[in-house]
Amino acid sequence: MRPLAGKVALVAGGTRGAGRGIAVELGAAGATVYVTGRTTRNQPSEYGRPETIEDTAALVTELGGEGVAIRVDHLVPAEVEALVGRIRTERGRLDILVNDIWGGERLFEWNKAVWEHNLENGLRLMKLAIDTHLITAHHALPLMITNPGGLLVEVTDGTAEYNADHYRLSVFYDLAKTAAIRMAWAHAKDLAPHGATAVCITPGWMRSEMMLDNYRVTEASWRDATARSPHFVISESPRFVGRAVAALAADPERARWTGQSLSSGGLAKVYGFADLDGSQPDCWRYLREVQEAGKPADATGYR
């Protein structure tokens with residue numbers, strides 16, 4: 001049961017969170033996964049977090065794939081170019097590119113207008129969320145299109161439908177997360193003549209390492225956090241969006257999705273995969289129909 005055996009993937013921004021979940025599930029499906037990021041065991045980033053790209057690569061290998069960790073700052077074009085050159089030399093192909101570079105959790109300020117928000121932090125957030133994705137696509141897609149059937153996945157927060165009428169925290173965050181959706185749509189136009197697919201995908205309320213730390217719980221005890229935040233009952237593990245991407249990559253008819261905004265919960269209904277607990281959380285529908293409707297927290301019928 002290794003539908004992606006022989007496939008080569010690059011998960012750009014795979015240190016933690018969705019990137020780690022996606023890398024691990026691609027590995028579980030048999031892929032060789034290059035994991036990039038700025039935090040290594042010997043060289044931490046300004047995040048000061050314990051997760052490393054080596055740890056992610058080890059998990060990929062543990063679950064049946066082959067994980068390769070390479071430190072890359074995706075704001076530096078020369079580093080990205082060297083990364084792609086190495087993949088070309090070592091593997092001769094690239095089948096899956098996942099753009100999950102982010103790094104903006106500590107840069108945006110909630111519910112502050114542009115004139116109130118720290119400008120330096122806001123502009124840095126935009127570079128991390130947009131420039132890195134464009135730089136990576138510029139260098140990596142020429143290798144991906146050498147073989148038909150490639151898949152580009154832009155990772156964001158929120159579906160196109162949800163973000164269209166919801167203000168996402170600040171103007172900087174809002175622009176960053178909607179830009180990824182448009183990027184996927186535009187890349188799909190460029191990739192179509194080469195037989196490649198581009199999509200944008202969002203997890204729901206994801207239990208990233210930072211989120212678990214914020215609530216002082218672990219993946220095993222996450223339900224304890226519902227006492228503090230009842231709607232956390234709809235949350236999902238990073239592996240859920242990972243399984244969504246793995247299902248897309250293994251689908252020979254994935255071109256039907258090209259240019260579209262997708263979600264982990266939505267794809268679970270199509271492909272039949274589940275989260276680690278066996279459920280299929282549908283966060284974006286829950287937010288509209290339960291949380292924003294002012295109803296008591298209850299995930300019945302939503303996971």
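J.: Looking at this model, I keep getting lost on helix H2 (residues 53-62). Mind explaining?
T.: In an α-helix, one full turn covers 3.6 residues, which means residues spaced three or four apart are oriented alike. For H2, the full list of buried residues reads Ile-53, Thr-56, Ala-57 and Val-60. All buried residues of H2 project into a common sector of 100 degrees when viewed along the axis, lining one side. If you follow the buried residues of H2, they end up packed against helix H1 (17-28), strand S2 (32-37) and strand S3 (66-71). Downstream of H2 by one or two residues, Gly-64 has phi in the positive range, about 115 degrees.

J.: Any chance you could explain the state of the cysteines here in plain terms?
T.: Note on terminology: a disulfide is the covalent bond linking the sulfur atoms of two cysteines. By the definition in use, this model includes zero disulfides. Free cysteine: Cys-200, not disulfide-bonded; nearest cysteine sulfur from Cys-283 at 15 Å.

J.: Can you help me understand the environment of Thr-300 in this one?
T.: Here Thr-300 shows up in the segment after helix H10 (283-291). According to the relative accessible area criterion, Thr-300 is exposed, its value standing at 62%. A sequence separation of 49 residues divides Thr-300 from Asp-251, and the C-alpha atoms of the two residues are 30 Å apart. Among the polar contacts made by the side chain of Thr-300, one reaches the side chain of Asp-298 at a distance of 2.7 Å.

J.: Could you clarify how one ought to interpret the packing of H1 against H2 in this entry?
T.: Think of two packed helices as two axes; the pair is described by the angle between the axes and how far apart they sit. It is the contact of H1 with H2, at a shortest axis distance of 7 Å, that shows an interaxial angle of 25 degrees. Classified by the angle their axes make, H1 and H2 are roughly parallel. For the pair H1 and H2, the crossing hand works out as right-handed. Across the interface between the two elements, Arg-20, Ala-23, Val-24 and Gly-27 from H1 touch Asp-55, Thr-56, Leu-59 and Val-60 from H2. For the contact of H1 with H2, the residue count by class is four nonpolar, two polar and two charged.

J.: Please explain helix H8 (residues 238-250) as it appears in this structure.
T.: Its 13 residues place the ends of H8 19 Å apart at the C-alpha level, agreeing with the 18 Å of an ideal helix rising 1.5 Å per residue. Counting buried positions over the 13 residues of H8 gives 10, a clear majority of the element. Taken as a whole, H8 has its buried residues at Pro-238, Phe-240, Val-241, Gly-242, Ala-244, Val-245, Ala-246, Ala-247, Leu-248 and Ala-249. Of the surrounding elements, those touching the buried residues of H8 are H1, strand S4 (96-99), strand S5 (151-155), strand S6 (197-202), strand S7 (261-263) and helix H9 (264-271).

Quick notes on the rules
Residues numbered from 1 in each chain as written. Predicted model: local features only at pLDDT ≥ 70, side-chain atom pairs only at ≥ 80, totals over all residues. Heavy atoms only, no water. Buried < 20%, exposed > 50% of the residue type's maximum accessible area, 1.4 Å probe, protein only. Helix = DSSP H or I, 4+ residues; strand = E, 2+ residues; numbered from the N terminus. Arc of directions from axis to C-beta. Contact = heavy atoms within 4.5 Å. Disulfide = S-S within 2.5 Å. Polar contact = N/O pair within 3.5 Å; in protein donor to acceptor, adjacent residues only side chain to side chain. Axes fitted to C-alpha atoms, helices over the stretch in contact; angles between N-to-C directions. Parallel < 35°, antiparallel > 145°, perpendicular 65-115°, else oblique. Left-handed = near helix turned anticlockwise from the far one by under 90°. Nonpolar A, V, L, I, M, F, W, Y, C, P; charged D, E, K, R; others polar. Expected span 1.5 Å × (residues − 1).

Interpretation note: all reported values are geometric properties and have no functional meaning in isolation.
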